[in-house]
Amino acid sequence: MDAKSEVLSRYNAKVFKSRKDHILRLSRSEGGSAEIAANSRAVPGIMTNRGCCYAGCKGVVVGPIRDAVTITHGPIGCGFYSWGTRRNKARAGEDGKNFIQYCFSTDMQEADIVFGGDKKLRQAIREAVEIFHPKTVFICSTCPVGLIGDDIHAVAAEAEKEFGITCAAFSCEGYKGVSQSGGHHIANNGLMKRIIGSNDTPPDAKFAINLLGEYNIGGDGWEVERILKRIGYKIVSIFTGNGSIEEISRSHLAGLNLVQCHRSINYVAEMMKSAYGMDWLKVNFIGMDAICGSLRDMAEYFDDGALKLRTEEVIAEELAAVAEDMAFFRSRLEGKTAALFVGGSRSHHYQSLLRDLGVRTVLAGYEFAHRDDYEGREVIPDIKEDADNKNIEQLEVERDPKRYRVFLSPERYAELKGRMELESYAGMIRDMPDGSYVVDDLNHFETEAFTALLRPDIFFSGIKDKYVLQKGGTLSRQLHSYDYSGPYAGFRGAVLFGRDLVMGLQAPAWRLVTPPWKRQPAETAAQGDATHA
């Protein structure tokens, strides 16, 4: 019996039926199907790791913008939950404004639920404007607001007239959709409607790009920016780590969109293609081979001889600078195994870096992915939309007659699309080894069960299951906050990542922990070994 069958056998018939299509064992040599169920409602009563729609909108996409005051209209717990946990770093720009270290909330109480919170929201905006003088205020609503019907969009329109600022509201109540993925979509729609394209100041650069889906966790975005600037690129805007409203408002004037986290930001990439003709390229700046491949694809897109030459020079210099450290950490990690369960594209991207360090993936999955994140965008036409996902507005974007541009000839576009992920994403599954497991919406029971059966040396996830894993004898590293380390992106980030893994695995504390399978009777342990083999 393989690990999938073993885990599913513990469920009753109803839960078994709901979960069986969300777990996949890759067996290409045996002709097994690579189709997986995703983006459907979690089974009630199961301890899922997912966040809510509000978390995706405010906590992931909108919150990291440094110069916008983002007010959570709802109870204080919602605002606190989405504040400071992902370690989105930001530095103030020339205007000196950086608000992401603050938690802005209307702190709704029972009386506000009964009589309405509009008045409290108006007062919160007034205080924010008087104290912080922002040019932009965002309002993100939580579950009670949607249930009682506060018109946050009307309040936002009033604030714009009263204070002469941009005030945009996001109806991202936590219950919308099935996970935080719905919140990403709502945030993308809001940025497209209100911010992108509102400033036509052109970038003074030949190779101007936007970096989409980079949230500067632990300083990742700064390290990627350092590399790109060395080559000669001008980053017009970053969506949204350390991003600013002014930069995002000019993003439609860049020459190419780079998409790092496909799930959270592909909507903006698609809408900017429709409105402005701007192509997008799927990239990954995690792991040596992935970084080099992305940089070469970018240079090939712009098709400039000097840019290609400079790209190769920077790659050679950066690889040489980290070669000794990477070789050392690989010597300590070679042959180890890992499991990954993270949001965004991290469960995919970090497998590249793990391979650089000699670590094999035995299990990977996402909290809130859609099928195309696993299987590739070619399956999008076959995905059936259910009622839960119809709560999210599908924004219809028309071509901007004045600002639409054609960046590549049809022949050049077709040539590049056959050689790189130009407006395409092949998904996570294609890069995973045969015999490994893909699990969508992994829950707490499955985390413990798969860990006992597959016995990974390292489990990458978030805070919700970190200490359960470590008390069970498995090193757990957070890929949502990097356990206060990082950056892990780029060439230098790879070295920090290898260092942290080696330190974690070699910590003396493991002598004090006995994994559960070492306490099992010999017969049970032997059976588990046979299953694992």
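Residues numbered from 1 in each chain as written. Predicted model: local features only at pLDDT ≥ 70, side-chain atom pairs only at ≥ 80, totals over all residues. Heavy atoms only, no water.

Could you give an account of unusual backbone geometry, with specific residues and numbers?
Where the residue is not glycine, phi is negative for most of them; where a peptide bond is considered, it is trans in most cases. In this model, Phe239 is joined to Thr240 through a cis peptide bond whose omega is 0°. Its place among the elements puts Thr240 in strand 7 (residues 234-240). Note the cis peptide between Gly486 and Pro487, where omega equals 5°. Topologically, Pro487 is positioned in the loop between strand 14 (475-478) and helix 20 (490-505). In this model, Asp441 sits at a positive phi of 55°, which is unusual for a non-glycine residue. Note on placement: Asp441 falls in the loop between strand 12 (437-439) and helix 18 (444-454). Using a relative accessible area of 6% as the deciding quantity, one classes Asp441 as buried. (Helix = DSSP H or I, 4+ residues; strand = E, 2+ residues; numbered from the N terminus. Buried < 20%, exposed > 50% of the residue type's maximum accessible area, 1.4 Å probe, protein only.)

Could you give me a rundown of the packing of aromatic side chains, with the residues and numbers involved?
Applying the stated criterion across every chain yields a total of 18 aromatic pairs. Both rings, one in Phe138 and one in Phe170, keep their centres 5.3 Å apart while their planes meet at 85°; by these two values the pair is edge-to-face. Pair noted here: Phe138 is in strand 4 (residues 136-141) and Phe170 is in strand 5 (residues 166-170), with a separation of 32 residues, a long-range link. For Phe170, a relative accessible area of 2% gives the class buried. Members of the aromatic cluster, joined through ring pairs, are Tyr350, Phe460, Tyr482, Tyr488 and Phe497. Residue placement shows Arg91 over the ring face of Trp222; its charged tip is 3.5 Å from the ring centre. Seen from the ring of Tyr404, Arg399 lies directly overhead, with NZ or CZ sitting 3.9 Å from the centre. (Phe/Tyr/Trp six-rings, centres within 6.5 Å; stacked < 30°, edge-to-face > 60°. Lys NZ or Arg CZ within 6 Å of the ring centre and 35° of its normal.)

Give me the lowdown on the packing of helix 9 (residues 181-194) against helix 12 (residues 262-276), citing residues and values where you can.
Each pair of packed helices can be summarised by the angle the axes make with each other and by the distance between the axes. Axis separation between helix 9 and helix 12 bottoms out at 8 Å; the angle between their running directions is 30°. Relative to helix 12, the element helix 9 is oriented roughly parallel. The hand of the helix 9/helix 12 crossing is right-handed. Facing Ser181, His184, His185, Asn188, Asn189 and Met192 of helix 9, the residues of helix 12 in contact are Arg263, Ser264, Ile265, Asn266, Tyr267, Val268, Met271, Met272, Ala275 and Tyr276. Looking at side-chain class alone, the contact of helix 9 with helix 12 contains eight nonpolar, seven polar and one charged residues. (Axes fitted to C-alpha atoms, helices over the stretch in contact; angles between N-to-C directions. Parallel < 35°, antiparallel > 145°, perpendicular 65-115°, else oblique. Left-handed = near helix turned anticlockwise from the far one by under 90°. Contact = heavy atoms within 4.5 Å. Nonpolar A, V, L, I, M, F, W, Y, C, P; charged D, E, K, R; others polar.)

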